[in-house]
Amino acid sequence: MSANAGTVSEKNPGVRAKSAKPASPWAHAFRRLRKNRLAVTGLVFLILMGLFCTVGPLFSPYVDERVTGANFNRPPSAQNWLGTDNLGRDILTRLMLAGRISLTVGIASMLLSVLIGSVLGAVAGYYRGIVDQVIMRFADVLMTIPSLPLLIIMGAVLSDLKVPSDYRIYIVMLMLSILGWPGLARLVRSQILTLSQREFMQATEVLGLRDRRKIFVHLLPNTLPLLIVVATLSVAGAILSESVLSYLGLGVTPPTPSWGNMMDSANSLIDFQKRPWLWMPPGVAIFATVIAINLLGEGLRDALDPKMKK
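Just so it is clear, the model here is predicted, and its values are computed rather than measured. (Residues numbered from 1 in each chain as written. Predicted model: local features only at pLDDT ≥ 70, side-chain atom pairs only at ≥ 80, totals over all residues. Heavy atoms only, no water.)

Colleague: Could you give an account of the UniProt feature "transmembrane region" (unreviewed entry) in the protein, naming the residues involved and the relevant values?
Modeller: Sequence positions flagged by UniProt for "transmembrane region" (unreviewed entry) are, in local numbering, residues 38–59, 101–126, 138–157, 169–188, 219–240 and 277–300. Across residues 101–126 one finds 100% helix and 0% strand; the C-alpha atoms that close the span lie 37 Å apart. Strand forms 0% of residues 169–188 and helix 100%; the C-alpha atoms that close the span are 28 Å apart. (UniProt positions renumbered as here; feature names shortened; annotations may be inferred. Helix = DSSP H or I, 4+ residues; strand = E, 2+ residues; numbered from the N terminus.)

If you want it as structure tokens, here you go:
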């Protein structure tokens, strides 16, 4: 029996190819992504950075961040690999704890902006008319406002209101997401306008499906590659914006650590010249994380939409 099967497969080599399931578009995209060494390097670095920030503090003896006067501004040593700050706290431990905050702010604000932008963009592209005009004109107004000055003004208002540091994290996430959704909404709207003319949407009209099902089951899933690429790149922008606000003292404020306010702690010429361990580790962390995210985003763009590859 097996010999006959082997003979048939040898005579008809196309039988095995026909029986094999064709690879999905996601499988092809993953293969293209694996061939992009820069994107894979960025992905590996982000995974290691995530483990460093989430798991690393569990193994640190300085996670309680006690203030010790005898260890003020100590340089890197065997006990404190990256030295200590002006309150005697371990820089390496604070770097890991700050990474949790900065990455959480970037990812959370990205998710919220993607949720708002994709829904509003899909609604505007599907219904058009007055609905499209209202949503897009409101998005245009937000896009004409310079984001950084607006964030600085809103951060100054929070400082005047003396909002506690624990709550400011969530307010910063909300501010970044409000400023981030208009651009995504315009991209999703353009995709929806194109997809609405496709044959499968004509089939949904014949079947009499509800508008909600057409939008959230048939239209939005087809914009998923675009959402993945834009969402990945927006994380980097959110991390930079949070770092700038925290550096200016208008974002996440001490004692809650973030990479931005760690750099702000080295705010004198003596610290800048004599104590580089105070500001270089968070600066390198911000730089490397943003570069890794951009490399991964570029790789995802090339993998999910090969037509855009240079």
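Colleague: Run through the packing of aromatic side chains, naming residues and quoting values.
Modeller: The geometry of an aromatic ring pair comes down to the distance between the two centres and the angle between the two planes. In total, this model carries 3 aromatic pairs according to the counting rule given. Seen in terms of ring centroids, tyrosine 126 and tyrosine 127 are 5.0 Å apart; in terms of plane orientation they differ by 90 degrees. Their pairing is edge-to-face. Assessed through its relative accessible area of 17%, tyrosine 126 is described here as buried. (Phe/Tyr/Trp six-rings, centres within 6.5 Å; stacked < 30°, edge-to-face > 60°. Buried < 20%, exposed > 50% of the residue type's maximum accessible area, 1.4 Å probe, protein only.)

Colleague: Which residues make up unusual backbone geometry, and what values go with them?
Modeller: Phi angles above zero are rare outside glycine, and arginine 128 is one such case at about 55 degrees. With respect to the element layout, arginine 128 can be found in the loop between helix H5 (91–127) and helix H6 (129–144). Using a relative accessible area of 35% as the deciding quantity, one classes arginine 128 as partly exposed.

Colleague: Can you explain the pattern of salt bridges? Please cite residues and give values.
Modeller: Scanning the model with the defined rule gives 7 salt bridges in all. Salt-bridge contacts for arginine 137 lead to aspartate 140; the nearest nitrogen and oxygen are separated by 2.8 Å. Of this pair, arginine 137 and aspartate 140 both sit in helix H6, 3 residues apart, roughly one helical turn. For arginine 137, a relative accessible area of 39% puts it in the partly exposed group. With its nearest N and O atoms 2.6 Å apart, the salt bridge here joins arginine 186 to aspartate 140. Pair noted here: arginine 186 is in helix H8 (residues 165–195) and aspartate 140 is in helix H6, with a separation of 46 residues, a long-range link. Here arginine 186 falls in the partly exposed class, since its relative accessible area comes to 36%. (Salt bridge = Lys/Arg side-chain N within 4 Å of Asp/Glu carboxyl O.)

Colleague: So what's going on with a positive patch on the surface? Residues and values would help.
Modeller: Judged by side-chain charge, Arg31, Arg32, Arg34 and Lys35 come together as a positively charged surface patch. Within the secondary structure layout, arginine 34 lies in helix H3 (residues 25–35). (Patch = residues over 30% accessible without salt bridge, like charges linked within 9 Å, V, L, I, M, F, W, Y side chains within 5 Å. Areas by Shrake-Rupley, 256 points an atom, 1.4 Å probe, with all protein chains shown as cover. Lys, Arg positive; Asp, Glu negative; His and termini not counted. Charge placed at Lys NZ, Arg CZ, Asp CG, Glu CD.)

Colleague: Give me the lowdown on the environment of leucine 240, citing residues and values where you can.
Modeller: With respect to the helices, strands and loops of the structure, leucine 240 is situated in helix H11 (residues 224–247). Not counting the four nearest positions on each side in its chain, leucine 240 is found in contact with Ile286 and Val290. (Contact = heavy atoms within 4.5 Å.)

Colleague: An account of the environment of leucine 112 is requested, with residue identities and associated values reported.
Modeller: Inspection of the secondary structure puts leucine 112 in helix H5. The class for leucine 112 is partly exposed, based on a relative accessible area of 31%. Sequence separation of leucine 112 and serine 177 is 65 residues, and the distance between their C-alpha atoms is 5.8 Å. Excluding residues that lie within four positions of it along the chain, leucine 112 makes contacts with Leu174 and Ser177.

Colleague: Give a detailed account of the nonpolar core, specifying residues and quantitative values.
Modeller: Nonpolar side chains tend toward joint burial in soluble globular proteins. Grouped together as the largest cluster of nonpolar side chains are 32 residues, with contacts concentrated most on Val188 and Trp259. Contributing elements (two or more residues each) for this core: helix H4 (37–54), H5, H8, helix H10 (211–219), H11, helix H12 (259–265) and helix H14 (280–304). Here the element with the most residues in this core is H5; it accounts for 8 residues. Other than its neighbours up to four places away in sequence, tryptophan 259 contacts Met49, Cys53, Leu95, Ala98, Gly99, Ser102, Leu103, Pro282, Ala285, Ile286 and Thr289. If you look at the next biggest cluster of nonpolar residues, it comprises 14 residues, including Leu158, Ala238, Leu250 and Val252. (Core = buried A, V, L, I, M, F, W, Y, C linked by side-chain atoms within 4.5 Å.)

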